[in-house]
Structures are given as C-alpha cells and as structure tokens.
Amino acid sequence: MPLPLTAEDRLHLKTLQPQIAASPKGRGQLIPLLQMAQKALGYLPDEALSLVADHLAVTRSEVYGVASFYNQFRFNPPGKNPVKVCMGTACHVRGGEIILENFERKLEIREGETTEDREFSIERVACVGCCALAPVALVGETLHGHMAPSKVEGLVLRVRLEKEKAEREAAHS
Amino acid sequence: MPTLKIDNREINVPAGTKVIEAAERLGIMIPRFCFHPALGSVGACRVCAVAFTEGPVKGIQMSCMIDAQDGMVVSTTDAEAVDFRRHVIEFLMLNHPHDCPVCDEGGHCLLQDLTVAGGHGLRRYRGLKRTHINQDLGPLVQHEMNRCIQCYRCSRYYQEFTGYRDLGVMGIGSRVYFGRSAPGMLESPFAGNLIDICPTGVYTDKPSRYIGRRWDYQRQPSLCIHCSLGCNLTASARYRQVVRHEARPNLEVNGHFICDRGRYGYAYASIADRPRQAMAAGTPGPIVDILAGAREAIQQTVEKHGPGSVAVVVSPRSSLETLAVVKEACGQHGWTGPAAAHTNRQALNRNTAVSCLRPELAVSLAADTEAHDVLVIGADPLNEAPMLALSLRQVQRRGGHVIVIDPRGVQLPFDFDHWAVHPSAMGAILQALIQEIGGHRATAPDTPATFDITKLARRLNASPRPVVVCGTDILTPHEIALAGDLARALRRTHKVAGLFYTLAGANAFAAALLHDQPVSTEAVLDRIEDGGVRLLVAVEQDLWREFPDRKRLQAALKRLDHLVVLDYVDSPLNREAGHFIPTQPLYESGGHWINQEGRLQAASPVMAGGEPIEITGGSDHPPRVFDRRIPGDEPLAAWRAVAALAGEDEADPAPQLKTALADFHPAVNLSTPEATGQRIDLEAIAHDLVESGPAPEPAEDDAPADAVVLLLVDWTFGTEPLSAMAPALTRMEAAPVARLHPDEIARLGLAEGRPVTVSLNGNRLTVPVQADPRMAAGVMAVPRHHLLEWQVFGETRVIVKRSQLKAESE
C-alpha cells in the first residue's frame, strides 16, 4: 500500500502543479517532467504520476511503465535515515542478504519501502568501497562495518533514541 | 522468391518471409513464444533458435528475425541449436510457479508443450522465485502474473495492435510486470484476445474459470452471430452448457482475433430462463402435440380467411436453413411474408446494400486492412461491428488514412478524421464527392467549410487502394446506393477500389435474398391492422425486444386470432403466443450464415440440447435420478419446427430442407462443400432492387429548423439483445444516456446529467443527457439499450421538435 501523503507532500504538489502546466507537451517530455516531479517531492506518488499523465494526455499505465523502468525514479518517499545494505561481491559472500533480511524484519518493511513514520527506508546498493569491512550497511550517512544480525536492533534503537532525545531537548528549550 | 533448404527439404517462399514462417509452410513447427503471425517478430524469447549451416547467415540465429534468402541451409535439429533451446526454456521456467494442476491454461499451454518438447524435465535452480501481485482486470480476463515468461505478446497486442494503452509493460529486468498501473476494468473491447495470445496462463478466461480442461470440452468450429461480420470462433461446451469461445483464425474474415461481445455473448444459450418447453396458451405439453395444434390453427385460419391471412416474420439472426424453409413454406402455401426486417426503411436499407455489392467491389474484413484510404459513411465501427474498428486500426498502422462521415460521436482506437455532419446532409456530400471524383467541381450545401470535399475527392482519387465502408443503420436507402456509386466511381480511376457494407443481423445478407421486394414487420402490422392477416408466426424473431414500436405491436397482437412463436430466448411475446415452440440456438442446431460481404460460412453443432447440469443439479452435483431422456431436450432446430408446421404430419423434413436450400436463391449454392467459406455468387443477385422499390426520402428536409434528429443506435455492449443476456458482459455496459453536442444541449435548454423526456405521438422516452463534443449539431443519439424502453417511436431515426423535448428536474 502506498503511504498517505503528508502535509509537506501536498504543499510540494501544489507548487508542482503550475510548473507542470507551464511545461511543453509531447511524449518526449515524459522523462523531464517525471524528473521535475521527483525533484519537488523526493519521490513519485500516484498523484504526481496523474499530474504528468493528464498534462501529456497519455495513460497512467504508460507513465508508470516508463517511470518504473528507470532506477532513478522511486515510488516511496525516502526515509529520514535511509538504510543502504551493500550487496557487492564481498558483502554478498559475507552474508549481506542476511543483514538485509534482518533490517526488513526489524523495520517491518520490504526493500524499496519506507516505514509509516518515514524515519527509515531500505535500499540495496552495489559496492560502497570498503570491502574489508564486509558486510557493510549505511544508516543515514554513517557506515557500519562488520555487520551482524545482532547489531541491527541496536542500530535502529540508537536512531530512535537519538530522535527522542532531540525532541525532548527541543521541548525544553 | 528466395529458395532455401530447411531440414534437407527445399522450399520457395516470397521475399520477406521469415525463416520460422518458411519452416511452418513445410510443416516444421519451430518453437516460439514471442512470435505471432498477427504481431510479427521481436526476437524477445530466444526459443526459436535454429542453426544456419550454409548461406549468407551462419551459426545459431533466431529464425523469427531472419528473412529467408537464397542459398540458406537451415537445420532445426542441429545438436547445438537443440541444446540452446533447451537452456532457453530452462531459463524461462526459473520463475514459473509450476502451478499447472490449478492453472486453467494447463492442457492447452504453449509453455507446457514446449517445456516438455524441449526436454527440460528436471529443475536445477534452487533459489527463490520472483513473485508479483495480480490485478483485477474486470469480469472477463483473469490475471496471474507469476506465470509470465516475458514474451511481450500481450503488451504488443494490446498497445500496438488494438491501440489501447491502459495495459502495458512496467519495470525492468526481473521486475518486469504486464498489467495496468492500478487494478481495474480493461478498456479495450478486444481484451479477451489476450487469453488466446498469451503462451501461458497469465491471462485466462474468467467466466469459464475452473470449469474444465480443454479435453473435457466438446469443441466445434462455430460462428459469432452478434453482428453481421461473421467472425469465426471455436465454441466449447461442457455438461450441456456453452462455456467458452475462442477466436478461430480465418485470414479472410477476422484474422486471429474476435471482439469481447462475440467472445462472451454465448450465455443466452444456457441461461436458466431459456424456454425449453412447448406451450399451448401457457400450458406446457408434448412438443408433437403443440406442433400439431399450431398446424391445425394455421389450417383453420387458411380455410376461413385464405392463405394470405397467415403471415411469417423471421429474424436475420436465424440460420440459412431456417430462412430457406420459411421462404419455401411461404411460397408454397401463399402465406404473407416472410418479413425479416422491422421497418420499411431497414428492409430497404439492407436490400439496397446487398444489391449494390457488386462482385468486383466486394472486399472482406481482412482485405480492409490492406486499404490505403478508407472512407466510412454512416457507420460507427466500434459500436456496430467492433472487429471492423480493429481492421481499420491496422489500416492506420500501415500508414493508411481513415475518414469517418457520421453524425455520431464516433470513437476509434487511433487517429482519424471525423466529419460530424447532420444525417440530412450525408446524401449531398456523397453526391458532391461522386461528382468531384468524376472530375466535376461540386459543392454540397449546408456543409461546413472545414469539410473539404475537393480535397477528400483528390485524396481518394490518388489513393492506390481506397475502400468505402457504409453502415445501414442510420442512413436511408438513397445514401446507401450513393455509397455504392461512389465505390464504382472510384473504380473507374483505380483497379482496386472496395465497398464494404455493415448490415443489421448475422444473416442479414441471406435475409435480403428472401424476396426481390423486401417485406417488413411494419408492413405485416399494417395488414394485421386492416384485418388481412389473422395469424402470425414469429420465427426466432423477438418482436418484443426488437420491434421499434411496442405499443403498436401490442395492439396488433390483440387483433390477431392466433400467434405462434418459435424461439430460444425468453420474451413476453412467448407468453402471448397461442402456441409456443422452443427452438435450438446455433450451438445445438448448427447451420449456415452469410456475412455482410456475402461469404457463406458454416457452424457445426457443438452439443446435444438439454438443460445444463448446473441447472438440473442445482449448481452442485449432477442429479442422481436417471432417466432415458435428457431434461429439457425438447427444442427443435427452427427449420425442423417450421417444416413441421408447413409440411405433412410425420413427414421427414430432411428432403424438404434440401429442396428449400436448393431453391433458396441462385446465388447461394450449397451443393458442394467447397462453397462454404467462399463468397456466394454476387453476380446472380438482381441489381435493380432500389429503382423498383419505393425509396422514402429523408423527412428531415422539411423539418423545422429547431428540430433534432433522434437516432436509436448500437453500442458495443448492452444493445445487441443476445449478448446483453450474458452476465459477464453486463458489467462492461455503460448506463444508457442520450448524447448531444454541448452547444445543442444549451440551445435546447437541457442540462448535462439531467434526464430529458422525448414525447412523440403519445409515447415518451426519458433518458439522462450526456455532452459529447464530437457529435454533429442537431442530432441526439440514444442507445437501443436493454435497460431502456426505447421501443416507442416506431423508427430508429425520427425527427423531434423542440417542443417535444422536456428537461426533467431529476
């Protein structure tokens, strides 16, 4: 199920609408418009696809067909802490698949999806370039080497605790 | 004409033939998934690999991608090629769910056949399979995406061949998904062909899901009788119930496909309320007694009032056998009729079209696709004869051009020019066109300047292959004859100019051959009203649903001494009948039909008559009470029933049928089996019907300026009476609405979405208004929808004054 739009998303959609309406028409404009929409929203919700489809007078299926062909387009909002699990050769050999599965289980989402609170999203990436530390996962910008299933829960908990702490401090000041 | 050698056998094929097709001509079936004769090659599946040992191409190559060339030596059994194909199949099977035991395709699955034939029997891959979520694609097609082997046939067929874009391909690599962007009803009325075209079970027939395997079915070649095109199909029956239609390839008629109306319209034959019991004044009795009673009633009427007091109406959906026996009976006994059209205009329209169709002009539906320019006059292909729209789509795909001159808001799945002109202006435009084609300057009055007749004439004149398509529903006989003149005028400047009429009813062509002077039901009702006709025999003609003036019909039926009805559909008319005799639909009787281009085609009986086990067993288990008889097996083939009414008691009707068919018309020759599937002898049809008959002029000329023409028209789903009984198709129907141009709605003081009431001659019709900017001004189109009591005005084209329209508040 697609995640519901946030207030922020709606705001972005509102600003996107006149931009798309002012763009040139024609089938060749499909990819530039999709890029424009993704830049504004960070991802392509159904509503954005409909905007593009209506503007170019092509069917939703065609827009979705093109968008889903390219890796550059995403249909789920990026999480605030994107989890990137390395699936390069070294990490694959050292059990990267198991790390990915543990993240999926812990966060109760599948690869390519985003948690309902939009805190986490999971992606599989090719080599991140530190094969000596395999298996490797990135949470946000931080790299975690020598990953093990037992470390997954701790990592997720740490991010959540840090968020709570930040919220508390914000409330105090 | 290259000559090549395949498996040590030489063959000569036309240039441009692919190696896979050349092999097929030799009877060598090279495996294929993505290749389809109607769609051509893409080389996506890699399973048609063969070895080229000598000639311009060498090595393992895809036989669907390589044109046959001189000197090629091809081996389909080369060890390397066989091994290659085995690996391709193993690879395609990696993600296949192996759910053949619960898959409806199992037993007629190309993937199943080729997996076994290719020698891939042991599964080596132990990894996880990719899975997909299926979509609800509506009531006709079942989706099961996990079975997909990415041959791309469906998206190519759906998007390229039919021109609809709501189903397509998404994703990339192992995520490739064939479906819609969101679950929902497929928009194309040709979507059912996905079932035939899919080499495995991704798309399967939804209404017949889990009913049986192909080998469980009684399967016979049959015909579609839901419009006049006569598309070929294979009908399947199980447990005395028709359960499935598949397209039967006929490269001269429907190609490889059929429309969804034809594919799913069969339910009427097995529906629970189909009448199977002969009745005398509402009391059931043995059919022999009822037939004898009806015969006696006819004899008494003849004795009292003369033979002309018995009239017969017959339907253009009846088989040639029925029509012939009815004609013979009327001729022999001097009965009135047979009438095989409702109104005088419809009868004349049909006969004019048939008489104008000269042998040198007639083109088949398949030949239409080769036209360069098609001029469509007064026809709405997608709604009246859907497969015609698919043919025209191919014209446009091959670079041809389609121009439609029609007052309705015609929609087609491709770009075309639409001249939305008022029906009364059609004749003048055609006349001007004929003159321009003959080299004379001409103008048609009342034609907007945007419709450039000179340019169109020049275009048709310059076209190497023009075809004129003409409808016979909303036009007048005069315009239909003009369409024929136009094709003839084009022929003077071309070697190949075609003429293609669509008619009303599957066997309308044969119905036109009943008489030189057409008789209509309208004329028969006149005779009933003046007391000349006292007994009416309705043969498979559901006057209640189809006659355009129900009030008049009811009054006329009351004046009759006696009514005899023979039919296989349930209708209030059956209950009015003094004698009702159940007949068999084509699945039980078989028979011959002549399609709108004059092609004689045969349908075989598919099953023995009788109530389906689903009904007798309460949709559970077959009944455990056994009898010598099949319950509900009384219905007779209509021609047998008519022969029994007209002939001697206990006489064998078979010789009677033979003479009736021989005497039917000199153009129709059934004596040799080769005649079936061919066009009848059009030369033998009299070509002066129009001049001799009364040709009513369009009454629109002296109509007041503020009047609109009300057209009762066909829709793809919901208006054809037999297919409208199919539960699967009722979900495809749109609710009936009156369509008008938005300016017209404003001019008439109506409101979009609000109902309008049309009152004419004391009859009323209320229907919601819908704006359609593609409509011509001064026209209102209302469907002959089964949910609408449209049978009010006595005609399907009437003039309505402004004062006769009333906007309803809600």
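A quick note: this is a predicted structure, and the numbers were derived from the prediction, not measured. Numbering of residues starts from 1 in each chain and follows the order in which that chain's sequence is written. Chain letters start at A and ligand numbers start at 1, both assigned in the order the entries are written. Residue-level local features of this predicted model are given only where pLDDT is at least 70; pairs of side-chain atoms are given and counted only at 80 or more, and the full residue set underlies all totals for whole chains, interfaces and linings. With hydrogens and water stripped out, all remaining heavy atoms of the structure feed into the side-chain values.

Moving on to the overall build of chain A. If you tally the helices and strands in chain A, you get 7 helices and 4 strands. Residue contacts are counted whenever heavy atoms from the two residues lie within 4.5 Å of one another. A separation threshold of at least 6 residues defines the contact pool for chain A, and within that pool the share at least 24 residues apart is 63%. The charge count treats Lys and Arg as positive and Asp and Glu as negative. His and the chain ends do not count. Charge coordinates come from a single atom per side chain, which is NZ of Lys, CZ of Arg, CG of Asp or CD of Glu. Here chain A carries 21 positive and 22 negative side-chain charges, and the mean point of each set is 3 Å from the other. Only DSSP runs of H or I with at least four residues qualify as helices, and only runs of E with at least two residues qualify as strands; both kinds are numbered from the N terminus onward.

Broken down by element type, chain B carries 27 helices and 33 strands. The globule rule is 2.2 Å times the number of residues to the power 0.38, and the radius of gyration it is compared with is taken over C-alpha atoms. In terms of overall dimensions, chain B is globule-like: its C-alpha atoms have a radius of gyration of 28 Å, near the 28 Å expected for 810 residues. A total of 810 residues make up chain B; the buried ones form 61% of that total. For chain B, restricting intrachain contacts to residue pairs at least 6 apart in sequence, the fraction spanning at least 24 positions comes to 72%. The averaged location of the 94 negative side-chain charges in chain B is 6 Å from the averaged location of its 80 positive side-chain charges. Per-residue accessibility, obtained with a 1.4 Å probe over protein chains only, is compared with the maximum for each type, and a residue is labelled buried under 20%, exposed over 50%, and partly exposed between these values.

Right, let's talk about the sheet that holds strand S18 (residues 401-405) of chain B for a bit. Residue and element names in this part refer to chain B. Two strands form a pair only when DSSP identifies at least two bridges running between them. An order of S19-S18-S17-S20-S21 is seen for the 5 strands of this open sheet, with the pairing classed as parallel. Only two strands of the sheet have a single neighbouring strand rather than two, namely strand S19 (417-419) and strand S21 (498-501). Direction aside, neighbouring strands of the sheet carry axes that sit 15 degrees apart on average. Two elements, strand S20 (residues 466-470) and S21, share 4 bridges in a ladder whose sense is parallel. Interaxial angles span 0 to 180 degrees and are taken between N-to-C directions of axes, which are lines fitted to C-alpha atoms, for helices over the stretch in contact.

All names here are of chain B. Ring pairs are drawn from Phe, Tyr and Trp, using the six-membered ring of Trp, whenever the two centres fall within 6.5 Å, and their geometry is named by plane angle: stacked under 30 degrees, edge-to-face over 60, tilted for the rest. Going through the model one piece at a time under the given rule, you end up with 12 aromatic pairs over all chains. Plain terms: the ring middles of Tyr 157 and Phe 161 are 5.9 Å apart, the flat faces sit at 20 degrees to each other, and that makes the pair stacked. A residue pair is termed a helical-turn pair when its members lie 3 or 4 positions apart in one helix, as Tyr 157 and Phe 161 do in helix H4 (residues 153-161) at 4 residues. Ring geometry for Tyr 157 against Phe 257: centres 4.8 Å apart, planes inclined by 45 degrees, an arrangement best described as tilted. With Tyr 157 in helix H4 and Phe 257 in the loop between strand S12 (241-247) and helix H6 (260-264), the pair connects residues that are 100 residues apart, well separated along the chain.

Residues and elements named next belong to chain B. Grouped together as the largest cluster of nonpolar side chains are 102 residues, with contacts concentrated most on Tyr 501, Phe 509, Val 537, Ile 581 and Ile 680. Lining this core are residues from two domains, each supplying at least three of them: domain 3 (349-503) and domain 4 (700-807). Apart from the residues within four sequence positions on either side, Ile 581 is in contact with Ile 287, Ile 290, Leu 291, Ala 294, Val 564, Val 565, Leu 566, Asp 567, Ala 641 and Leu 645. We define a nonpolar core as any set of buried Ala, Val, Leu, Ile, Met, Phe, Trp, Tyr and Cys residues linked to one another through side-chain atoms lying within 4.5 Å. In this structure, Leu 167, Leu 186, Val 202 and Ala 371 belong to the second largest nonpolar core, which totals 64 residues. Bear in mind that the domain bounds are from an automatic or database domain assignment.

Moving on: the confidence of the model for chain B. Keep in mind that low pLDDT regions are not for reading the predicted coordinates in detail. For chain B, per-residue confidence averages 91 on the pLDDT scale, and 96% of positions sit at 70 or higher. Confidence scores here are pLDDT values: one per residue, from the predictor, ranging 0 to 100. Note that residues 691-695 of chain B has pLDDT below 50 and, in this model, 4 contacts with residues that lie over four places away or in other chains.

Residues and elements named next belong to chain B. Judged by pairing direction, the sheet is antiparallel, and its 3 strands sit side by side in the order S10-S11-S12 without closing on themselves. At either end of the open sheet lies a strand with only one pairing partner, and these are strand S10 (218-223) and S12. Taken over all neighbouring pairs, the strand axes of this sheet differ in orientation by 30 degrees on average, direction set aside. Across 6 bridges, the pairing between S10 and strand S11 (residues 232-238) is antiparallel. Counted as the bridge partner of Arg 219 is Ser 236 from S11.

Here the focus is the interface of chain A and chain B. Between chain A and chain B, the residue contacts involve 10 residues of the former and 11 residues of the latter. Here the quantity called buried area is the accessible surface, traced with a 1.4 Å probe, that two parts lose on coming together, added over both. Taken together, both faces of the contact between chain A and chain B bury some 840 Å²; the carbon and sulfur share is 51%. Salt-bridge detection follows one rule: a side-chain nitrogen of Lys or Arg within 4 Å of a carboxyl oxygen of Asp or Glu. Among the salt bridges present, the one from A:Glu62 reaches B:Arg165, with a minimum N-O distance of 2.8 Å. The definition of a polar contact used here is a pair of N or O atoms within 3.5 Å, where within protein one atom must be able to donate a hydrogen and the other to accept one, and adjacent residues in sequence count solely through side-chain atom pairs. Taken together, the connections running from chain A to chain B amount to 5 residue pairs in polar contact (both at pLDDT 80 or more). The nonpolar class holds Ala, Val, Leu, Ile, Met, Phe, Trp, Tyr, Cys and Pro. Asp, Glu, Lys and Arg form the charged class, and all remaining residues, Gly among them, are polar. Taken together, the residues of the side of chain A that touches chain B sort by class into 2 nonpolar, 5 polar and 3 charged.

Turning our attention to a nonpolar patch on the surface. Where nonpolar side chains cluster on the molecular surface, the patch consists of A:Phe69, A:Tyr70 and B:Ile172 and spans about 240 Å² of accessible area. With respect to the helices, strands and loops of the structure, B:Ile172 is situated in the loop between strand S7 (168-170) and strand S8 (177-179). Overall, B:Ile172 belongs to the partly exposed group, its relative accessible area being 33%. The residues that make up patches have over 30% relative accessible area and no salt bridge, and they are joined within 9 Å when like-charged or within 5 Å when they are Val, Leu, Ile, Met, Phe, Trp or Tyr. Residue exposure ignores everything except the shown protein chains as possible cover, and the areas themselves are Shrake-Rupley values with a 1.4 Å probe.

Next up on the list: the packing of H4(B) against helix H12 (residues 386-397) of chain B. Between two packed helices, what matters for the description is the angle formed by their axes and the separation of those axes. Residues and elements named next belong to chain B. Contact pair H4 / H12: the axes reach a minimum separation of 10 Å and the direction vectors enclose 85 degrees. Comparing their axes, H12 and H4 come out roughly perpendicular. Contacts between H4 and H12 involve Gln 159, Glu 160 and Phe 161 from the former and Leu 390, Arg 393, Gln 394 and Arg 397 from the latter. Looking at side-chain class alone, the contact of H4 with H12 contains 2 nonpolar, 2 polar and 3 charged residues. What sets the label is the angle itself: under 35 degrees gives roughly parallel, over 145 gives roughly antiparallel, 65 to 115 gives roughly perpendicular, and the rest give oblique.

A few words on the domain arrangement of chain B. Residues and elements named next belong to chain B. Under the domain assignment, chain B is made up of domain 1 (3-93), domain 2 (100-109 + 121-269), domain 3 (349-503) and domain 4 (700-807). Contact residues are listed per partner, giving 16 residues for domain 1 and 13 residues for domain 2. Surface buried jointly by domain 1 and domain 2 totals about 1200 Å² across both partners, of which 57% is contributed by carbon and sulfur atoms. Considering only the surface of domain 1 that becomes buried against domain 2, Phe 33, His 36 and Leu 39 emerge as the three largest contributors, covering 42% of it. Put simply, domain 1 and domain 2 have 1 salt bridge between them. A salt bridge links Arg 124 to Glu 90; the nearest nitrogen and oxygen atoms lie 2.8 Å apart. At the junction of domain 1 with domain 2, the criterion picks out 7 residue pairs in polar contact (both at pLDDT 80 or more).

Attention shifts here to the packing of helix H2 (residues 30-41) of chain A against helix H3 (residues 46-56) of chain A. Residue and element names in this part refer to chain A. For the pair H2 and H3, interaxial distance at closest approach is 10 Å and the crossing angle is 150 degrees. By the angle class used here, H2 and H3 are roughly antiparallel. Between H2 and H3 the crossing geometry is right-handed. Only Ala 48, Leu 49, Val 52, His 55 and Leu 56 of H3 make contact with H2, whose side of the interface consists of Leu 30, Leu 33, Leu 34, Ala 37 and Leu 41. For any pair of crossing helices, the crossing counts as left-handed if the nearer helix is rotated counterclockwise from the farther one by less than a right angle, and right-handed if it is rotated clockwise.

Another point: the domain arrangement of chain A. You'll often see interface size given as the accessible area lost when the parts meet. When its domains are assigned, chain A resolves into domain 1 (7-69) and domain 2 (81-172). For domain 1 of chain A versus domain 2 of chain A, the separation of C-alpha centres amounts to 30 Å.

So, about the pattern of salt bridges. Counted according to the given criterion, the structure contains 46 salt bridges over all chains. Taking the shortest distance from any N to any O, the salt bridge between B:Asp714 and B:Arg784 comes out at 3.4 Å. Linking B:Asp714 in the loop between strand S27 (708-713) and helix H26 (727-730) with B:Arg784 in the loop between strand S31 (779-783) and strand S32 (797-800), this pair joins segments that are 70 residues apart in sequence. Residue B:Asp714 shares its accessibility class with B:Arg784, and that shared class is buried. In the salt-bridge network here, residues are joined through shared partners; they are A:Lys80, A:Glu119, A:Lys163 and A:Glu167.

Bringing helix H19 (residues 550-559) of chain B into the picture now. Residue and element names in this part refer to chain B. Looking at H19, one finds that the buried residues are Arg 550, Arg 552, Leu 553, Ala 556 and Leu 557. Along H19, the residues classed as buried sweep out an arc of 155 degrees about the axis, all on the same side. The exposed set on the far side of H19, more than 90 degrees from its buried face, consists of Lys 551 and Lys 558. For H19, the elements touching its buried residues are helix H17 (521-529), strand S22 (535-539), helix H18 (543-546), strand S23 (562-567) and helix H20 (572-576). This arc is built from the directions going out from the helix axis to the C-beta atoms.

Our focus in this paragraph is the environment of A:Gly79. Residue and element names in this part refer to chain A. For Gly 79, the position within the fold is in the loop between helix H4 (60-69) and strand S1 (81-86). Note: C-alpha distance between Gly 79 and Tyr 43 (36 residues apart in sequence) is 11 Å. What Gly 79 contacts, discounting residues up to four positions off in sequence, is Thr 114, Arg 118, Glu 119, Phe 120 and Ser 121.

Bringing H2(A) into the picture now. Residues and elements named next belong to chain A. To estimate the expected span of a helix, count its residues, drop one, and scale the result by 1.5 Å. With 12 residues, H2 ought to run about 16 Å at 1.5 Å a step, and its terminal C-alpha atoms sit 17 Å apart, in line with that. Those residues of H2 lying buried are Leu 30, Leu 33, Leu 34, Ala 37, Gln 38 and Leu 41. Projected onto a plane normal to the axis of H2, the buried residues spread over an arc of 135 degrees and lie on a single side. Structurally, H2 contributes buried residues whose contacts are with helix H1 (7-21), H3 and H4.

Another point: the pairing of S27(B). Residues and elements named next belong to chain B. Of all 6 residues in S27, 6 are buried, a share of seventy percent or more. Burial along S27 is two-sided: the residues Val 708, Leu 710 and Leu 712 and Val 709, Leu 711 and Val 713 are all buried. Sheet analysis places S27 next to S32, joined by 4 bridges and oriented antiparallel. Residue pairing in the sheet places Val 708 in a bridge with Val 800 of S32. Sheet analysis places S27 next to S31, joined by 5 bridges and oriented parallel. Each residue of the ladder has a partner; that of Leu 711, found in S31, is Ala 781.

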